[in-house]
Amino acid sequence: MTFAPRRTLCLLALSIALAGCAVGPDYQRPDIDTPVAFKQAEGWKTAVPADALARGAWWELYGDGELNALVGRLNVSNQNLAASEAQYRQARALLRSGRAAFFPTLSTSAGVTRAGQGGGDSTLRTSDGIAIGGGSSSSISKNYDLSLNASWELDVWGKLRRGLESNRAAFEASAADLAAVRLSLQSELVQSYLQLRVLDEQQRLLDATVAAYQRSLRLTENQYRAGIVPRSDVAQAMTQLRSTEAQAIDLQWQRAQLEHAIAVLIGVPPSEVSIARRDSLPTLPEVPASVPSELLERRPDVAAAERRVIAANAEIGVAKAAWFPDLTISATGGYRGSSFADWINLPNRFWSVGPQLALTLFDGGRRSAESERVEAAYDQTVAQYRQAVLDSFREVEDYLVQQRVLGREAEVQGQALESARESLRLIENQYRAGTVDYNSVVNVQATALSNERNALTLLGSRLTASVQLISALGGGWDVQQLEEVEKSE
């Protein structure tokens, strides 16, 4: 073995040994002040089974088959979700591109060149001006070239590995972003659907009330014709009836807008969706509240924020590696000749192989500026991650207290509703017996209807708050899904 090949092999062995190290800091999760428990979770009921949200299809907790079908259509046809999915595929392609940097690059080329070289005037003249010889000289040549080139950059300082680490974290952040968008759209659809069903119940209530007021109007008119009550009682009954009919009509545009919103969420024009009225309401589920530390694993937006911290941390290593020389091994071989007939033969063969070290000696401070930029970008992502965690804690606390307070309010409202119904029953009996005037009946009827509608509005608020709480807890998502996505790539 000659000295030159031996030196090359030693350099390669040294490069492989150095390839085990990578410049730049290894990732450490930023410190987060995580409370032991949620402040507003005291007295909160744990749902049975406690892992109800771990199944993924959290909207099934409401026990509504039509809702389940609508969410299924959203998962397939929503355009905002499709845009987010396309962004996810872009991140996946970048990850594959980063992996490709670890492999040699092969290229080939073939060509023919025709070159000429011309001389000046070569005519000689005697002293009396007689020309001897003359003309011009030129040469034309052809060269045929066929070559195969290989180049391989050894990752001595970990630049490629840090770049791949950044691409992988960005890919996982994009996957978490996709999950966050899907959860947000699902939450929006479920809330719209539940509010539509509450409006259906309010419509049913108002329709039944209108029918009851029509009977009261007929009774009052009969009593007026019999001379039992004055004309003013008939006017009051008519006013109450028309006012309630107007309230019933007002619900129609509200329901139509919710129906249109649902249509857009499932990716179709509003004219193609018609949701039939129903007399039953979805079930109000019991939502289990996890501890705050688990929230960091259950919320896709928090996971996405942390993955961006990982990516920014890896970019610091890429910037630091720019201060060290790049080691590339390249090889070229092929055939080169002046005649096409004997182009591909052994005497026209050529080859070259060898390592190359490249180091930037002066760049006017570009590398220093880049290092400063990536470190500042890392600090930015850390701050954004911590803010995302704080926001997630706040949202859960908000919806926990909202659920608890609304639950207590519903108990009191239920008692008020029972009293209003009993009062209405008594006053109507008294009016039929002629012991009270119609004005008393109108007041009690208005109070009873108000309590009925308040109870339904409160139920709608509780349903909406339950959806918001489930969404704030991460729905059925878990950070392990990112690991499953990574393994599938």
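Residues numbered from 1 in each chain as written. Predicted model: local features only at pLDDT ≥ 70, side-chain atom pairs only at ≥ 80, totals over all residues. Heavy atoms only, no water.

Let us look at the overall build of the chain. A tally of helices and strands in the chain yields 10 helices and six strands. A buried classification covers 37% of the 489 residues belonging to the chain. Carbon together with sulfur atoms contributes 54% to the accessible area of the chain, which is approximately 27,000 Å² in total. (Helix = DSSP H or I, 4+ residues; strand = E, 2+ residues; numbered from the N terminus. Buried < 20%, exposed > 50% of the residue type's maximum accessible area, 1.4 Å probe, protein only. Areas by Shrake-Rupley, 256 points an atom, 1.4 Å probe, with all protein chains shown as cover.)

In this section: the nonpolar core. Trp-58, Tyr-62, Leu-189 and Val-190 are the most contacted members of the largest nonpolar core, which totals 88 residues. Among the secondary structure elements, those contributing two or more residues to this core are helix H2 (65-77), helix H3 (79-100), helix H4 (159-225), helix H5 (231-265), helix H6 (292-298), helix H7 (300-321), helix H8 (366-432) and helix H9 (438-472). Here this core gets 20 residues from one element, more than from any other, and that element is H4. When near neighbours in sequence (up to four residues on either side) are disregarded, Val-190 contacts Trp-58, Trp-59, Tyr-62, Leu-67, Val-71 and Val-467. (Core = buried A, V, L, I, M, F, W, Y, C linked by side-chain atoms within 4.5 Å. Contact = heavy atoms within 4.5 Å.)

With that settled, consider the packing of aromatic side chains. Here the structure, examined in full by the defined rule, presents four aromatic pairs. Here Tyr-431 and Tyr-438 contribute two aromatic rings whose centre-to-centre distance is 5.1 Å and whose plane-to-plane angle is 65°, an arrangement assigned as edge-to-face. Classification of Tyr-431 as buried rests on a relative accessible area of 5%. Over the ring of Tyr-224 we find Arg-231; its NZ or CZ atom is 5.5 Å from the centre of that ring. (Phe/Tyr/Trp six-rings, centres within 6.5 Å; stacked < 30°, edge-to-face > 60°. Lys NZ or Arg CZ within 6 Å of the ring centre and 35° of its normal.)

Here we take up empty space enclosed by the protein. Scanning the entire structure with this criterion turns up one cavity of 30 Å³ or more. Quantified by volume, the largest cavity comes out at close to 50 Å³. The wall of the largest cavity is formed by Glu-153, Leu-154, Asp-155, Val-156, Trp-157, Gly-158, Lys-159, Pro-325, Asp-326 and Leu-327. Only strand E4 (136-154) and strand E5 (326-337) provide two or more residues apiece to the lining of the largest cavity. A breakdown of the residues in the lining of the largest cavity according to their chemical character gives five nonpolar, one polar and four charged. (1 Å grid on protein atoms, 1.4 Å probe; cavity = no way out; pocket = protein on both sides within 12 Å on 5 of 7 lines; lining within 4 Å. Points joined across faces, edges and corners; volume = space filled by probe spheres on them. Nonpolar A, V, L, I, M, F, W, Y, C, P; charged D, E, K, R; others polar.)

This next bit is on H4. Think of an α-helix as turning once every 3.6 residues; residues three or four places apart then point the same way. Over its 67 residues, H4 runs 97 Å from end to end, which matches the ideal 99 Å to within 8%, given 1.5 Å per residue. Positioned one or two residues after H4, Gly-227 has a phi angle of 80°, which is positive. (Expected span 1.5 Å × (residues − 1).)

As a further point, take the pattern of salt bridges. What the rule picks out here adds up to 30 salt bridges. Between Asp-326 and Lys-159 there is a salt bridge; the shortest N-O distance is 3.6 Å. Remark: Lys-159 occurs in helix H4 and Asp-326 occurs in strand E5; sequence separation between them is 167 residues. Here Asp-326 falls in the partly exposed class, since its relative accessible area comes to 26%. (Salt bridge = Lys/Arg side-chain N within 4 Å of Asp/Glu carboxyl O.)

This paragraph deals with H9. The end-to-end C-alpha distance of H9, which contains 35 residues, comes to 50 Å, matching closely the 51 Å that a straight helix rising 1.5 Å per residue would cover. Positive backbone phi, at 100°, marks Gly-474, one or two positions downstream of H9.

Let us now look at the packing of H3 against H4. As a packed pair, H3 and H4 sit with axes 8 Å apart at the nearest point and diverge in direction by 170°. With respect to each other, H3 and H4 are oriented roughly antiparallel. Classified by chirality, the crossing of H4 by H3 is left-handed. Contacts between H3 and H4 pair Asn-80, Leu-81, Ser-84, Glu-85, Gln-87, Tyr-88, Ala-91, Arg-92, Leu-94, Leu-95, Gly-98 and Arg-99 from the former with Leu-164, Asn-167, Arg-168, Ala-170, Phe-171, Ser-174, Ala-175, Asp-177, Leu-178, Val-181, Arg-182 and Leu-185 from the latter. Grouping the constituent residues of the contact of H3 with H4 by class yields 12 nonpolar, six polar and six charged. (Axes fitted to C-alpha atoms, helices over the stretch in contact; angles between N-to-C directions. Parallel < 35°, antiparallel > 145°, perpendicular 65-115°, else oblique. Left-handed = near helix turned anticlockwise from the far one by under 90°.)

With that settled, consider the side chain of Gln-202. Mapped onto the elements, Gln-202 comes out in helix H4. In this structure Gln-202 touches Leu-251, Arg-453, Leu-456 and Thr-457, once residues within four positions along its chain are discounted.

Bringing the environment of Arg-73 into the picture now. Positionally, Arg-73 belongs in helix H2. By relative accessible area, which is 40% here, Arg-73 ends up partly exposed. Sequence separation between Arg-73 and Gly-267 is 194 residues, and the spatial gap between their C-alpha atoms is 8.0 Å. Sequence-distant contacts of Arg-73, that is, excluding residues within four places in its chain, are made with Asn-78, Ile-266 and Val-268.

Relative to the assigned elements, Arg-161 resides in helix H4. A residue is classified by how much of its surface remains accessible, and Arg-161, at 26% relative accessible area, is partly exposed. Spatially, the C-alpha atoms of Arg-161 and Ala-314 are 8.8 Å apart, while their sequence positions differ by 153 residues.

A contiguous nonpolar patch, built from Leu-359, Leu-361 and Phe-362 and spanning about 410 Å² of accessible area, is present on the exposed surface. In this structure, Leu-361 sits in the loop between strand E6 (349-358) and H8. Residue classification places Leu-361 among the exposed positions, given a relative accessible area of 75%. (Patch = residues over 30% accessible without salt bridge, like charges linked within 9 Å, V, L, I, M, F, W, Y side chains within 5 Å.)

Time to look at the confidence of the model for the chain. In the predicted model, the chain carries a mean pLDDT of 84, and the fraction of residues at 70 or more is 85%. Across the chain, H2 holds the top mean pLDDT of 94, while helix H1 (residues 3-18) sits lowest at 49. (pLDDT = per-residue confidence, 0-100.)

Below, the discussion takes up the environment of Gln-117. Inspection of the secondary structure puts Gln-117 in strand E1 (residues 105-121). Residues Gln-117 and Ile-140, 23 residues apart in the sequence, show an inter-C-alpha distance of 6.4 Å.

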